[in-house]
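What follows is the residue order along each chain.
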Amino acid sequence: MPSRLESGKEYLVESRLAPLARSAGSADVDSYIRGLRTNVAHHDAVVDALTTNETSWFRDRAPFTALKGSVLPDLIAKGRRHVKVWSAACSTGQEAYSVAITVADDFPALTLSIVGTDLSDRVVERARAGQYTQLEVNRGLPAATLVKYFQRSGPTFEIAPRLRQQVTFRKHNLLDAPPVGGPYDVVFLRNVLIYFDVATKRDVLRRVRSVLAPGGTLFLGAAETTIGIDDAWERVEAAGGSVYRLKEAKAA
Amino acid sequence: MTAVRPSIRLEAHPDVVLCCIDWNMPVMTGFEFVVEARKRQEWRDITLMMVTTEGEHDQIVRALAAGAHEYVIKPFTPEIMLDKARGSLACWTRRCRHERRGGLASHGGWRGH
């Protein structure tokens with residue numbers, strides 16, 4: 001496992017791996033981890049247990065208000081007809097599809113390609129399927145949007161094919177080279193840096209820089225910042241929310 | 001709960017700003033109630049939120065078309081109810097453009113999980 005956790009988050013490892021250790025018949029989490037070095041079969045289960053897959057539609061609202069009220073209108077004003085988005089640590093895909101819904105609702109002339117990436121095979125598969133339970137569609141998705149962009153399919157709700165076609169989901173580790181398909185005009189990297197130590201945060205932000213289009217926009221989680229970590233970025237107010245842009249881009 | 005027309009219940013509480021409405025109820029269905037409530041000028045500002053196990057696509061479309069603002073499919077969590085209520089009350093606030101004090105009312109037999 002190449003992930004580097006911030007100190008103080010060790011309890012997460014302990015509490016999330018304990019059930020796996022028990023079901024594997026290990027005496028404790030430490031001996032389970034030692035066993036993992038030789039037992040590759042358990043690796044996916046460990047990734048699932050350690051990654052936080054909590055998500056919702058239009059999560060936190062403010063980033064989507066900024067996207068709709070400022071970021072996308074600015075790109076259109078610059079003559080852009082096509083926008084590329086990277087939804088990093090996308091979990092089961094709600095963020096990526098929320099971007100697609102925002103564009104379909106308010107900027108129908110804009111074409112879009114979104115890359116959604118996550119460390120976990122299981123959630124990438126779920127995101128790709130675009131099928132959500134009733135509980136999941138209740139979370140943050142206005143009913144009018146639900147009926148407009150989803151079709152009921154047995155117990156699940158399935159995202160409209162025309163939106164799903166705009167999104168590609170891939171397995172990706174934020175500690176590796178960024179996914180191909182860039183440069184990206186907009187990168188969502190929300191609520192994931194909080195789990196890393198400062199050196200890893202800096203590394204991840206540098207990799208994001210390398211695939212950000214000139215003038216591109218980075219969205220971080222509400223509790224996250226680049227300040228004191230990577231000074232190439234600056235915080236910019238955008239339609240009531242905060243986004244990050246590269247300083248050079250402003251001078252250009 | 002005795003079976004009373006929801007409109008009569010609502011008349012007794014003029015300070016209500018949000019109704020959570022089940023689809024399947026005695027006396028009249030939640031859908032019929034939405035249709036009836038939307039005919040009343042004095043209830044224009046009340047937010048109507050369906051909260052029901054009925055989750056078919058065309059039922060949601062019908063309820064929204066009849067004038068329901070939101071639609072929550074059971075099961076739900078307290079967090080989902082608050083989020084949906086906040087979302088629709090924010091719309092309501094924009095519509096009214098003035099402050100009004102009010103409470104939450106529920107009708108029917110809905111229960112969270």
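Residues numbered from 1 in each chain as written. Chains lettered and ligands numbered in written order. Predicted model: local features only at pLDDT ≥ 70, side-chain atom pairs only at ≥ 80, totals over all residues. Heavy atoms only, no water.

Sorry, what's going on with the overall build of chain B here?
Along its length, chain B carries four helices and four strands. For chain B, the sequential pattern of α-helices and β-strands runs α-β-α-β-α-β-α-β. Going through the 113 residues of chain B one by one, you find that 49% of them count as buried. If you take every contact in chain B between residues at least 6 apart in sequence, the share linking residues at least 24 apart comes to 63%. (Helix = DSSP H or I, 4+ residues; strand = E, 2+ residues; numbered from the N terminus. Buried < 20%, exposed > 50% of the residue type's maximum accessible area, 1.4 Å probe, protein only. Contact = heavy atoms within 4.5 Å.)

Would you explain the confidence of the model for chain B in this entry?
The predicted coordinates of low-pLDDT regions are not to be read in fine detail. For chain B, the average pLDDT comes to 80, and 76% of its residues sit at 70 or higher. Here residues 97-113 of chain B is modelled with pLDDT under 50, and outside its nearest four sequence neighbours on either side it reaches 41 contacts, counting other chains as well. (pLDDT = per-residue confidence, 0-100.)

Looking at this model, I keep getting lost on the nonpolar core. Mind explaining?
The nonpolar side chains of soluble globular proteins are, as a tendency, buried together. Residues and elements named next belong to chain A. Counting residues in each nonpolar core, the largest one holds 63 residues, and the members touching the most others are Leu-67 and Phe-150. Residues within four places of Leu-67 in sequence aside, it is in contact with Leu-72, Pro-73, Val-99, Thr-102, Val-186, Phe-188 and Phe-219. Leu-193, Val-208, Leu-212 and Leu-218 belong to the second largest nonpolar core, which has 23 residues in total. (Core = buried A, V, L, I, M, F, W, Y, C linked by side-chain atoms within 4.5 Å.)

Would you explain the interface of chain A and chain B in this entry?
The figure often quoted for interface size is the accessible area lost as the parts come together. Across the contact, 16 residues belong to chain A and 19 residues belong to chain B. Summed over both sides, the interface of chain A with chain B buries roughly 1400 Å², with 55% coming from carbon and sulfur. Scanning the region where chain A abuts chain B turns up two salt bridges. In this structure, the connection of chain A to chain B is made through eight residue pairs in polar contact (both at pLDDT 80 or more). For the side of chain A that touches chain B, the elements supplying multiple residues, two or more each, are α7 (134-138), α8 (143-149) and β4 (150-153) of chain A. (Buried area = accessible area lost by both parts, 1.4 Å probe. Salt bridge = Lys/Arg side-chain N within 4 Å of Asp/Glu carboxyl O. Polar contact = N/O pair within 3.5 Å; in protein donor to acceptor, adjacent residues only side chain to side chain.)

Sorry if this is basic, but what is going on with the packing of helix α2 (residues 30-38) of chain B against helix α3 (residues 57-66) of chain B here?
Helix-helix packing: each pair is described by the crossing angle between the helix axes and the interaxial distance. Residues and elements named next belong to chain B. The N-to-C vectors of α2 and α3 enclose an angle of 20°; their axes lie 9 Å apart at closest approach. Classed by the angle they form, the pair α2 and α3 counts as roughly parallel. Helix-helix and strand crossings are classified by hand; for α2 and α3 the assignment is left-handed. Side by side, α2 and α3 meet where Phe-31, Val-34, Val-35 and Arg-38 of the first sit next to Arg-62, Ala-63 and Ala-66 of the second. Residue composition of the contact of α2 with α3, grouped by class: five nonpolar, no polar and two charged. (Axes fitted to C-alpha atoms, helices over the stretch in contact; angles between N-to-C directions. Parallel < 35°, antiparallel > 145°, perpendicular 65-115°, else oblique. Left-handed = near helix turned anticlockwise from the far one by under 90°. Nonpolar A, V, L, I, M, F, W, Y, C, P; charged D, E, K, R; others polar.)

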